[in-house]
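These are the residues of each chain, in order.
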Amino acid sequence: MRLQISTIALYAQDGRTRTLKFRPGHVNVITGKSDTGKSAIIAIVEYCLGRSEFKVPEGIISESVAWYAVVYTLGDTEVLVAKPAPAPGAASQSEVYLSVGPNIELPPMEALRPNSTDDAVVEHFSRAIGIGPNVSTVGAGQSRDPVEATLKHTRFYLFQDQGTVASEHVLFHRQAEPFMAQAIKDTLPYFLGVYDEDRLSMLRELRSSRRELKLAEQRLREEERISAREGGRAWTLLAEAQQAGLIVPEKTYGSEAEVLSALRAALNWYPSQDTEPREGRIEPLRQELRQRRVDYDRLTAQLHAAQVFVTQGDAFSREVSTQAARLSAIGLFGEADETKCPLCHSALSSLPPPVAALNEQLQRLNANLGAVARERPHIEKHLGGLKEERERIRDDIRRLEATIEALVQEDEAAAQVRDANIRAARVVGRLSLYMDAASASETDEALRAQVVQLRGRVQALERQVSTDEDREQLQSTLSWLAGQMSRWAEVLELEFKGQPYRLDLAQLTVVADRNGRPVPLGKRMGGGENWLGCHLIALLALHKFFSLNQRPVPGFLILDQPTQVYFPPDRYRQMEGGSGEVQDEDRIAVQRMYDFLFEVCRELTPNLQIIVLDHANLESEAFQTALVEPPWRGGRALIPLDWKKE
């Protein structure tokens, strides 16, 4: 069944639709002025054929269209694939509304709800057109992974956009993008039928067997290297085990078998003592010790301050007592004449302090002495308390220091045990590796038998699936394509007509063998008309082969502005303005190209549909019958005028 296009529909933001109807199995032409949206057709179809990247040009189309839809025909079945426009700022969108039925009617936009994905669309169409399980063959020594051909890999042969259709550099759609050229080379042999499903099954089995053989050979080499490296080490390991205390040193061994037995027994060693570090117990004690030392220093400072206070108080008491003793003498005198000396009764040159004042001062001194005497017992008691607390802290410090020292000594002893256990564990590890190698001889034999068996299976499959047969089949197919291309080159009157033309799969180009010298697609092959012709004969030869051999490739080809080589943009604008003329030779060449397209399509009907997006508008009946709509001029375009106004 050939997958072809029946309808393209665009949904405006308000739900209105714009539809284009196509005839499967025929040439369909959309012609019109520049900037009317013709080139967006390829991007829309590819977007609705499982491609998530949104390549519709920015502008009126992307701004006014809410949903894009394509109805495909597949035998008696129709498939509707509708996708919403990506969210603002997004460059891709993979959600899909998918509907399958005998007669699909476009639903209203409010009924469109995503119910599938691009991956599901690709898988559905791949199965529907007959792409079976497959994996491309990858030559020996090549690092790239095999590729499974799907519907995605048929797009190279379905579209020829404006920049590709007459390119001198690339032949296929998206060929210049990273990794795409290699994908074409890997999958085209499958679409050409170079290997069938039975051979694909054998190829998958061959790849699986080669992978198993490679892994088995790698394991065998590793085991053999270990055995060779470990051979003769039994006696050395015995000495190490004896030194580590794993084996009794005094015992002697007479044979390697006895040594192996002793080494095997040593593998049962287990650490004899808990060797966990005690840092968890020591650190809290160290923190407590630091705190007690801080407390001790604080109390020492307080005790010193108290002692200084006592010393100063004693000095004060002595001074006050002396002054009081001096003043107590006034008690010997009664009331006296303050103008005369109380002892000699001589006249005084200055008046002395009143006796009452001296008595008041004496009373104050006696009061101070009483206060000091009363506070002295309290101070002595405080000093005693400080000294006792400091002694307690000093005892705590001694206890903590002793405890920490004991734990440190215990840790040192435990470290010695750990070191011994570590040494023993290292020896046990080497013993384990050696014993594995020593017992590997039996494993080696089993691996050798497995390798022999896998080699036999790989060789048998390689005889059944010979890459020479693949090359011969591919060469035969390329020869058929070359014959068809050479005949069509004469029909299109290409520059090297009469010379062999062929498809170069290695370089993905067209080559003309002129007098035994290859002339590849490019400037050596002439100008744009010849480049366009090479594209047409190569793509249509492939589609003819796909059709005649019922290969699983969609049956349509979309060409965007193939006549641009005859009508460059400047010249076409002059023609549209009425100031340019079409030369007779150009008109004849354009008519010849379209006659060629009509003839190939009739030959392959109903298996091939050709859609042409062009500027030209020929007067021939065949061309006018092929028009999908009246020419897009005078306001007619992909997007209706009233959509643009809004």
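Scroll up to find the structure.
Draft legend 1. Expanded view of the packing of helix 12 (residues 528-548) against helix 14 (residues 584-604). Their axes nearest at 11 Å, the elements helix 12 and helix 14 cross at an angle of 5 degrees. Here helix 14 runs roughly parallel to helix 12, going by the angle between their axes. Two secondary-structure elements touch here, helix 12 through E529, L532, L536, L540, H543, K544 and S547 and helix 14 through A589, R592, M593, F596, L597, V600, E603 and L604. In terms of residue class, the contact of helix 12 with helix 14 is made up of nine nonpolar, two polar and four charged.

Draft legend 2. Main features of helix 4 (residues 180-191). Along its 12 residues, helix 4 runs 16 Å from first to last C-alpha, staying within 8% of the 16 Å computed at 1.5 Å per residue. In terms of residue burial, helix 4 counts as a mostly covered element, since nine of its 12 residues are buried. Considered for burial, the residues of helix 4 that qualify are M180, A183, I184, D186, T187, L188, P189, Y190 and F191. A positive phi of about 75 degrees marks G193, the residue just after helix 4.

Draft legend 3. How the structure looks around the packing of aromatic side chains. This structure, assessed with the given rule, holds 14 aromatic pairs. Taking 5.5 Å as the distance between ring centres and 85 degrees as the angle between the ring planes, the aromatic pair formed by Y157 and F172 counts as edge-to-face. Of the two residues, Y157 sits in the loop between helix 3 (118-128) and strand 8 (159-160) while F172 sits in the loop between strand 8 and helix 4, which places them 15 residues apart along the sequence. Exposure remark for Y157: the relative accessible area of 0% places this residue in the buried category. Under the relative-accessibility criterion, F172 is labelled buried at 0%.

Draft legend 4. Layout of the environment of S476. With respect to the helices, strands and loops of the structure, S476 is situated in helix 11 (residues 467-491). The exposure class of S476 is partly exposed, given its relative accessible area of 46%. Here the alpha-carbon distance between S476 and V194, two residues 282 residues apart in the chain, equals 9.3 Å.

Reading guide: rules and limits
- Counting from 1, residues in each chain are numbered in the order their sequence is written.
- Side-chain atom pairs in this predicted model are given and counted only at pLDDT of 80 or more, local residue features only at pLDDT of at least 70, and totals for whole chains, interfaces and linings cover all residues.
- For side-chain calculations, the full set of non-hydrogen atoms in the structure is used, while hydrogens and water are omitted.
- For helices, the fitted line uses only the C-alpha atoms of the stretch in contact; every axis is such a line through C-alpha atoms, and the angle between N-to-C directions lies from 0 to 180 degrees.
- For helices the rule is a DSSP run of H or I covering at least 4 residues; for strands it is a run of E covering at least 2, with both sets numbered from the N terminus onward.
- Orientation is classified from the angle alone, with under 35 degrees giving roughly parallel, over 145 giving roughly antiparallel, 65 to 115 giving roughly perpendicular, and any other angle giving oblique.
- Only heavy atoms enter the contact rule, under which two residues are in contact if any of them lie within 4.5 Å.
- The nonpolar class holds Ala, Val, Leu, Ile, Met, Phe, Trp, Tyr, Cys and Pro. Asp, Glu, Lys and Arg form the charged class, and all remaining residues, Gly among them, are polar.
- The length a helix should cover is 1.5 Å for every residue beyond the first.
- Relative accessibility decides the category of a residue: with a 1.4 Å probe and only protein chains considered, values under 20% of the type maximum give buried, values over 50% give exposed, and everything between is partly exposed.
- Aromatic rings from Phe, Tyr and Trp, with only the six-membered ring used for Trp, were paired whenever their centres fell within 6.5 Å, and each pair was classed as stacked if the ring planes differed by under 30 degrees, edge-to-face if by over 60, and tilted otherwise.

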